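# Close look at the chain arrangement
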Amino acid sequence: MRTIIEPFRIKMTEALPITTRGRRAERLAAAHNNVFLLDAEDITIDLLTDSGTGAMSDRQWAALMLGDESYAGSASWRHFERTVREITGFEHVFPTHQDRAAERILAATRLKPGDIVPNNSHFDTTRANIEYVGAKAVDLPSPASKDIYSDARFKGDMDVDALERLIATEGASKIPFCMITVTNNAAGGQPVSMENIRNVRALLGAHGVPLVVDACRYAENAYFIKQWEAGFADRDLIDIARDMFSLCDGATMSAKKDGLANIGGFLACNNDEWAEDFRNLLILTEGFPTYGGLAGRDLEAVAVGLKEALEFDYQRYRHATVEYLASKLIARGVPIVRPAGGHGVFIDPGVFCPHLGAGDYPGIGLVNALYLEGGVRAVELGSVMFGRAAAGGEAEAPALRELVRLALPRRVYTQSHFDYVVETLDLVWRRREAIPAHRIVRQAPFLRHFTAHFEPFETR
Ligand SMILES: *Cc1c(COP(=O)(O)O)cnc(C)c1O
């Protein structure tokens, strides 16, 4: 088989900062050893997130110039609405500045204190918006997701038996809607099968509970279904996407992911009553329903991007890139979540640094070592991000598991950039005993990972 090449060539370049180790050590110390506090101009390869960090195509840049900035009923809005309807089949479409605005409108209009929202795994903003209105966000990941090293497929599925038990014990009346997140970001970007969505739908249908899909990576999920699930090999990605959406009653979407745009999102549904409530709150907090907090040119870029994300050659290249990075790390013995997810590679820093305990924040040690070694920025998804700080006499609680994510921005880096990332990781891997423990010297009461100050220290 020949190399799966990037299905684009480069028309405009953006210089990458190449820095020295001395400079990086100085910048990291000035950032209190927290890579969130670094300036982007001090980073060579930025794998912090795949959200809003992608490169737009020439067609998207051309579409920007066609942006119609009319306040109401602009041509760009019609283009956006037509495209979302074509892909999702939903009648009512509401543009939002990003997904969390869609989540906020959904939660504020449909939930009351004491309600319950199940999900295969809630993304942090989804959970926060549900809990903000006094409802409870319950994660029901499939049992297969617990073994991060197994090569089982569709480890992002929802546990349908657990959902059935939840409905039986709590009652369907306490569940105004259920959600399903594709791909399952919190579980390492693992995909959800069509069969699982169908089974969830059938169970919910019997109890009259609507299903809302968190569709941020719907196109990457559609590609996994095409590759792995029986009966889909010959289907176009857009048809698979339509099948997924047809099993749902509504969707929230971040165009910063599979919209291939730098900003944007939407909320969509079929129910007229829901739509009326969504529209009223949208006008109050986002903007008139035909722009929803976005410029006309943003609506154009998203409309074009949503279709490009469903192109087979693009998805094949994207998945091949993640696979390329993952296979090189597996060959070197680096402990990563398997199979490779849709948008990144997830490393297990606990196994990477056996000399460190969870309280030593091994994820922070690994992230900082990667930056010092090669100017590569990754992100800790472990006890700093998801653990609970000590408070009110209670000791600090670690996260369920320690992970470090290398998220891949869309269409931004080439194969040699990823070779460089592998070489950098390899150097860190060979000298892993030198990765120091870290302690927190300053932190905020909420979402501490963004602003905390860390200090490395000697454990021996
Ligand atoms: C990024 C993301 C969100 C939130 O999207 P924003 O556009 O950043 O508000 C919600 N759910 C999932 C699964 C995501 O990955």
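For the structure, check the block above.
Everything numeric in this text was worked out from a predicted model, so none of it was measured. (Residues numbered from 1 in each chain as written. Predicted model: local features only at pLDDT ≥ 70, side-chain atom pairs only at ≥ 80, totals over all residues. Heavy atoms only, no water.)

Side-chain alternation along strand β3 (residues 116–119) places Ile116 and Pro118 on one buried face and Val117 and Asn119 on a second face that is also buried. The pairing of β3 with strand β4 (residues 136–139) spans four bridges and is classified as parallel. Across the sheet, Pro118 pairs through a bridge with Val138, a residue of β4. What joins β3 to β4 is helix α5 (residues 124–132), and the crossover it makes is right-handed. (Buried < 20%, exposed > 50% of the residue type's maximum accessible area, 1.4 Å probe, protein only. Helix = DSSP H or I, 4+ residues; strand = E, 2+ residues; numbered from the N terminus. Pairing = 2+ DSSP bridges. Right-handed = clockwise from strand over helix to strand, strands pointing away.)

Bringing the nonpolar core into the picture now. Generally speaking, soluble globular proteins have nonpolar side chains that are buried together. Within the largest apolar cluster, 60 residues are counted, with the highest numbers of intra-cluster contacts made by Leu163, Tyr218 and Phe245. Excluding residues within four positions of it along the chain, Leu163 makes contact with Pro118, Leu140, Met158, Cys178, Val200, Leu203 and Leu204. Membership of the second largest hydrophobic core comes to 38 residues, among which are Ile43, Leu47, Phe352 and Val428. (Core = buried A, V, L, I, M, F, W, Y, C linked by side-chain atoms within 4.5 Å. Contact = heavy atoms within 4.5 Å.)

On to the packing of aromatic side chains. A full pass over the atoms with the stated rule returns 17 aromatic pairs. Ring centres 5.0 Å apart and planes at 80° place the aromatic pair Phe36 and Phe450 in the edge-to-face group. Linking Phe36 in the loop between α1 (21–30) and β1 (45–46) with Phe450 in the loop between β13 (437–442) and β14 (453–457), this pair joins segments that are 414 residues apart in sequence. The exposure class of Phe36 is partly exposed, given its relative accessible area of 26%. Following the ring pairs from residue to residue traces out a cluster consisting of Phe94, Phe177, Trp274 and Phe278. Lys257 extends its terminal NZ or CZ atom over the ring of Phe123, reaching a point 5.3 Å from the ring centre. It is Arg432 that lies over the ring of Trp429; its NZ or CZ is 3.7 Å from the centre. (Phe/Tyr/Trp six-rings, centres within 6.5 Å; stacked < 30°, edge-to-face > 60°. Lys NZ or Arg CZ within 6 Å of the ring centre and 35° of its normal.)

Moving on: the site of the ligand. Lining the immediate surroundings of the ligand are 14 residues, of which Arg100, Asp214, Arg217, Ser254 and Lys257 lie closest. Asp99 places a main-chain nitrogen or oxygen 3.0 Å from an oxygen atom of the ligand. Here the ligand loses 98% of its free accessible area of 380 Å² to cover by the protein chains. A per-element tally of the shell around the ligand places helix α4 (residues 99–110) first, with three residues. Of the residues contributing to the shell around the ligand, the split by class is two nonpolar, five polar and seven charged. (Near = heavy atom within 4 Å. Polar contact = N/O pair within 3.5 Å; in protein donor to acceptor, adjacent residues only side chain to side chain. Areas by Shrake-Rupley, 256 points an atom, 1.4 Å probe, with all protein chains shown as cover. Nonpolar A, V, L, I, M, F, W, Y, C, P; charged D, E, K, R; others polar.)

For the rest of this paragraph, the subject is the packing of helix α3 (residues 75–88) against helix α11 (residues 296–308). With their axes 8 Å apart at the nearest point, α3 and α11 run at an angle of 25° to one another. On the basis of their axis angle, the class for α3 and α11 is roughly parallel. When you trace α3 past α11, the crossing you get is left-handed. Facing α3, whose interface residues are Ala75, Ser76, Trp77, His79, Phe80, Thr83, Val84, Glu86 and Ile87, α11 presents Gly296, Leu299, Glu300, Val302, Ala303, Val304, Leu306 and Lys307. (Axes fitted to C-alpha atoms, helices over the stretch in contact; angles between N-to-C directions. Parallel < 35°, antiparallel > 145°, perpendicular 65-115°, else oblique. Left-handed = near helix turned anticlockwise from the far one by under 90°.)

Strand order in the open sheet made by the three strands is β9-β12-β11, with antiparallel pairing throughout. The two strands at the open ends of the sheet, each matched to only one other strand, are β9 (344–347) and β11 (379–381). Within the sheet, the average angular offset between the axes of one strand and its neighbour, ignoring direction, is 30°. Where β11 lies against strand β12 (residues 403–407), three bridges are found, and the strand directions are antiparallel. The residue bridging Leu381 from the neighbouring strand is Leu403, located in β12.

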